[in-house]
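In case you want the letters, here they are:
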Amino acid sequence: MNWENNVRRVEPYVAGEQPRKQNVIKLNTNECPYPPAPGVETVLHGFDYDILRKYPDPDVSLLVNALAKRHGLSDRQVFVGVGSDDVLAMAFMTFFNSKKPILFPDITYSFYDVWAELHRIPYECQPLDEYFRIRKEDYFKENGGIVIANPNAPTGVLAEVSMLEEIIKANPDSVVIIDEAYVDFGGESCVPLIDKYENLLVTQTFSKSRSMAGMRIGYAMGSEKLIGYLNNVKFSFNSYTMNAAAIAAGTASVEDEEYFQDTVAKVVATRERTKNELSRLGFVFPDSKTNFIFAAHKTVPAQEIFDALRAEEIYVRHWNKPRISNYMRISIGTDEEMEKVICFLEKYLAAV
Ligand code: PMP
């Protein structure tokens, strides 16, 4: 059994459950409740399957070009991958090779420490303040890189771009990754800083605001130099990360800006209504600029509410971890779904 001494052992990330059952109100993985842009359906319906004989374009030019145009960048400033998880994992491998620890908040996307462990990168978590805000001073020390989700997950808290700029500016010797998975729901993006800071990498995803979690498309934007290094690693690992259907469907999504804006506006409107209702029912939460709300109840423990919701086939997310065990993360669904949730909570909380 000596082979086991040479295994790269990792404790994997645990994603939110994808139930096989129908009729579940699924508010546990921050998906979008609305369909992808109509152009995506058109592309997939008309998809010429003979194309599948051939390898896809390794440079993913069509999609890279559409994204570059949308963000006012050059094609050489955009890198695409199989969801932002793929892009982030690749970025950790590419940029975090120092012996010094990388820095990220204590409460954040729980894949960061998994990638750090996977790639044997030392890391040091920086505690958020009592309101779940970043303290910039924590990032003014020696480090091997920085990764910050903005808005943060699972808290939903948005940091000011001016504060992030101070962190980026103070760290010219490290790559700073800003993970903007949720930025479209009311956040301000760091993309305009890309031309100013060669060490800034910004990642975004099609999984939330573009309703395409199942297609697996994510991307990174940064200086040509950073993107060049990322591509070198990608082409040393797997040249064809993006399949032909994903390239075509992703491009169709980017080309429909109006549908994108409408979808995001609907989610934001429902989120704001849900905030009012949750407050009325005695929940407290940091203000969210995302498609989820991270809520604790003033009197009833999160685990109990979580179990009660689950028995009702309403799935939300709960982590039994320090500082956040009394919170639940509730993704924003349709108005109808959120009404059902509120209606149930109202009855349930009146009875406990
Ligand atoms: N970053 C954050 C902060 C997330 O919450 C998620 C979604 N789990 C991702 C990145 C990855 O999303 P995807 O791989 O679907 O693009």
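Asks: For this particular structure, what's the right way to read the environment of C125?
Replies: By the secondary structure assignment, C125 is in strand β4 (residues 123–126). A relative accessible area of 36% places C125 in the partly exposed class. It is 8.3 Å that separates the C-alpha atoms of C125 and I107, two residues lying 18 residues apart in sequence. Look past the residues within four positions of C125 in its chain and what remains in contact with it is F104, P105 and D106.

Asks: Where do I start with the sheet that holds strand β9 (residues 283–284) in this structure?
Replies: Two modes of strand pairing occur in sheets, parallel and antiparallel, and in both the strands are linked by backbone hydrogen bonds. The sheet built from 4 strands is open, its strands ordered β9-β10-β13-β12 with antiparallel pairing. Every interior strand has two partners, whereas the edge strands, β9 and β12 (317–318), have only one. Contacts from helix α8 (residues 257–280) reach β9, β10 (292–297) and β13 (328–331), with the element oriented near 0 degrees to β10.

Asks: How do you make sense of unusual backbone geometry when you look at a structure like this?
Replies: Where the residue is not glycine, phi is negative for most of them; where a peptide bond is considered, it is trans in most cases. The linkage connecting N150 with the following residue, P151, adopts the cis geometry, with an omega of -5 degrees. Topologically, P151 is positioned in the loop between β5 (145–149) and α5 (161–169). Residue P154 is bonded to the preceding A153 through a cis peptide linkage, with omega at 5 degrees. Along the chain, P154 falls in the loop between β5 and α5. In the Ramachandran plot, V60 falls in the positive-phi region, its phi being about 50 degrees despite a non-glycine side chain. Looking at where V60 falls in the secondary structure, it is placed in the loop between α1 (38–45) and α2 (61–71).

Asks: Honestly, the sheet that holds strand β2 (residues 78–81) in this entry has me stumped. Any pointers?
Replies: Strand order in the open sheet formed by 7 strands is β2-β8-β7-β6-β5-β3-β4, with mixed pairing between adjacent strands. Here the strands that pair on one side only, and so sit at the sheet edges, are β2 and β4. Averaged over neighbouring strand pairs, the angle between their axes works out to 20 degrees when direction is ignored. As defined by bridge partners, β2 adjoins strand β8 (residues 218–222) across 4 bridges and the pair is classed as antiparallel. Following the sheet pairing, V80 is matched in β8 by Y219.

Asks: I'm lost on the environment of R133 in this one. Help?
Replies: Its place among the elements puts R133 in the loop between β4 and β5. Along the chain, R133 and A159 lie 26 residues apart, while their C-alpha atoms are 7.3 Å from each other. Those residues within four positions of R133 in sequence are excluded, and the remaining contacts are L128 and V157.

Asks: Which parts of the structure should I look at to understand the nonpolar core?
Replies: Note that soluble globular proteins tend to have their nonpolar side chains buried in a common cluster. Among the nonpolar cores identified, the biggest contains 53 residues, and L63, V80 and L200 are the most heavily contacted of them. In terms of residue count, helix α7 (residues 244–254) provides more of this core than any other element does, 6 residues in total. Viewed by domain, this core spans two of them, domain 1 (13–35 + 258–351) and domain 2 (49–255), each represented by three or more residues. Each residue touching L200, except ones within four places of it in the same chain, is listed here: I168, V176, I178, C190, L193, I194, M221, G222, S223 and L226. Formed by 36 residues, the second largest nonpolar core is a distinct cluster that contains C32, F185, L281 and M328.

Asks: Please explain the pattern of salt bridges as it appears in this structure.
Replies: Working definition: two side chains of opposite charge can pair if their charged atoms are close together. Scanning the model with the defined rule gives 20 salt bridges in all. A salt bridge links R53 to D50, with the shortest nitrogen-to-oxygen separation between them at 2.9 Å. Under the relative-accessibility criterion, R53 is labelled exposed at 63%. Classification of D50 as partly exposed rests on a relative accessible area of 38%. Linking K225 and E198 is a salt bridge whose minimum nitrogen-to-oxygen distance equals 3.9 Å. Here the residue K225 occupies a position in helix α6 (residues 224–234), and E198 occupies one in the loop between β6 (176–179) and β7 (200–205), the gap between them amounting to 27 residues. Through salt bridges with shared partners, a single network forms among R271, E272, K275 and D287.

Asks: Please clarify how α2 should be interpreted in this entry.
Replies: The α-helix winds at 3.6 residues per turn, so residues separated by three or four positions along the chain end up facing the same way. Considered for burial, the residues of α2 that qualify are L63, V64, A66, L67, A68 and H71. Turning to α2, the residues buried within the fold contact β2, β7, β8 and α7. Of the residues flanking the end of α2, it is G72, one or two places downstream, whose phi is positive at about 65 degrees.

Quick notes on the rules
Residues numbered from 1 in each chain as written. Predicted model: local features only at pLDDT ≥ 70, side-chain atom pairs only at ≥ 80, totals over all residues. Heavy atoms only, no water. Helix = DSSP H or I, 4+ residues; strand = E, 2+ residues; numbered from the N terminus. Buried < 20%, exposed > 50% of the residue type's maximum accessible area, 1.4 Å probe, protein only. Contact = heavy atoms within 4.5 Å. Pairing = 2+ DSSP bridges. Axes fitted to C-alpha atoms, helices over the stretch in contact; angles between N-to-C directions. Core = buried A, V, L, I, M, F, W, Y, C linked by side-chain atoms within 4.5 Å. Domains from an automatic or database assignment. Salt bridge = Lys/Arg side-chain N within 4 Å of Asp/Glu carboxyl O.

Nothing here speaks to function; it is all geometry.
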